[in-house]
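Chain and residue survey
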Amino acid sequence: MEYKRFGDTYLVRLEKGEEILTSLTRLAEKEDIHLASVSGLGAINSFTAGVFFPEEKVYRKNDFHGNFEITSLTGTITQMDGKPYLHLHLSAGNEYGKVMGGHLNEARVSATCEVVVRVINGEVGRQFSNEIGLNLFKF
């Protein structure tokens, strides 16, 4: 991973073989990022994305393998229990243009991935909601 800061914004380049969530968590730890918005694009060869089932309060994961172009990588960096908490969603198209996606659990870069991390002045935490079954913003 290489990156450069411009004011409140980090431009990040992830390298072949890097895992997106792991890399961005390292960035947030190293740069002490407490609140930010994330967007990106790139090429990946495997990813796991989930869909939340509210009535059961569980995520169901789907694994994808092959050549994919990220059509959208978006989300937030907040804090939970004093550590970075990344909530990202990803959609990616295969060689036929079919797009799959959901809540990002893991994605492996196959060529490169370009990410913009825009720091927001402030702090927002996360707290588990028994009612919803998710870690929600805590203002």
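Note that the coordinates shown come from a computational prediction; the quantities given were computed from them, not determined experimentally. (Residues numbered from 1 in each chain as written. Predicted model: local features only at pLDDT ≥ 70, side-chain atom pairs only at ≥ 80, totals over all residues. Heavy atoms only, no water.)

**A few points about the packing of aromatic side chains**
Scanning all chains against the criterion turns up five aromatic pairs. For the ring pair Phe47 and Phe68, a centre distance of 5.2 Å and an interplane angle of 90 degrees mean the geometry is edge-to-face. Within this pair, whereas Phe47 is found in strand E3 (residues 36-53), its partner Phe68 is found in strand E4 (residues 58-80), the two being separated by 21 residues in sequence. In this structure Phe68 comes out as buried when scored by relative accessible area, which is 6%. Both rings, one in Phe137 and one in Phe139, keep their centres 5.6 Å apart while their planes meet at 65 degrees; by these two values the pair is edge-to-face. Under the relative-accessibility criterion, Phe137 is labelled partly exposed at 41%. The class for Phe139 is exposed, based on a relative accessible area of 82%. (Phe/Tyr/Trp six-rings, centres within 6.5 Å; stacked < 30°, edge-to-face > 60°. Helix = DSSP H or I, 4+ residues; strand = E, 2+ residues; numbered from the N terminus. Buried < 20%, exposed > 50% of the residue type's maximum accessible area, 1.4 Å probe, protein only.)

**Considering unusual backbone geometry**
A positive phi is found at Asp32, a non-glycine position, where the angle reads about 55 degrees. Considering the arrangement of structural elements, one finds Asp32 in the loop between helix H1 (20-30) and E3. Taking relative accessible area as the criterion, Asp32 reaches 56% and is therefore assigned exposed. The phi torsion at Lys57 lies on the positive side, around 60 degrees, for a residue other than glycine. Structurally, Lys57 can be placed in the loop between E3 and E4. Its relative accessible area of 38% is what places Lys57 among the partly exposed residues.

**What about the pairing of strand E1 (residues 2-6)?**
Relative to strand E2 (residues 9-15), E1 runs antiparallel, the two sharing five bridges. Opposite Phe6, over in E2, you have Thr9 as the bridge partner. What sits between the antiparallel neighbours E1 and E2 is a turn of two residues, in which Gly7 has the positive phi angle 65 degrees. (Pairing = 2+ DSSP bridges.)

**Some thoughts on H1**
Among all positions in H1, only Ile20, Leu21, Ser23, Leu24, Leu27 and Ala28 are buried. Each buried residue of H1 lies within a common arc of 165 degrees when the element is viewed along its axis, so the set occupies one face. Turning to H1, the residues buried within the fold contact E1, E2, E3, E4, strand E5 (83-93) and strand E6 (99-119). The N-capping residue of H1, defined by a side-chain oxygen 3.1 Å from the backbone nitrogen of Leu21, is Glu19. A positive backbone phi angle near 55 degrees is found at Asp32, which sits one or two residues after H1. (Arc of directions from axis to C-beta. Contact = heavy atoms within 4.5 Å. Polar contact = N/O pair within 3.5 Å; in protein donor to acceptor, adjacent residues only side chain to side chain.)

**So, the environment of Lys61**
Among the secondary structure elements, Lys61 is positioned in strand E4. Overall, Lys61 belongs to the exposed group, its relative accessible area being 58%. It is 21 Å that separates the C-alpha atoms of Lys61 and Ser23, two residues lying 38 residues apart in sequence.

**Side note on the nonpolar core**
Ile20, Leu24, Phe47 and Val117 are the most contacted members of the largest nonpolar core, which totals 30 residues. Of all the elements in the fold, those that place two or more residues in this core are E2, H1, E3, E4, E5 and E6. A total of seven residues in this core trace back to one element, the largest contributor, which is E6. (Core = buried A, V, L, I, M, F, W, Y, C linked by side-chain atoms within 4.5 Å.)

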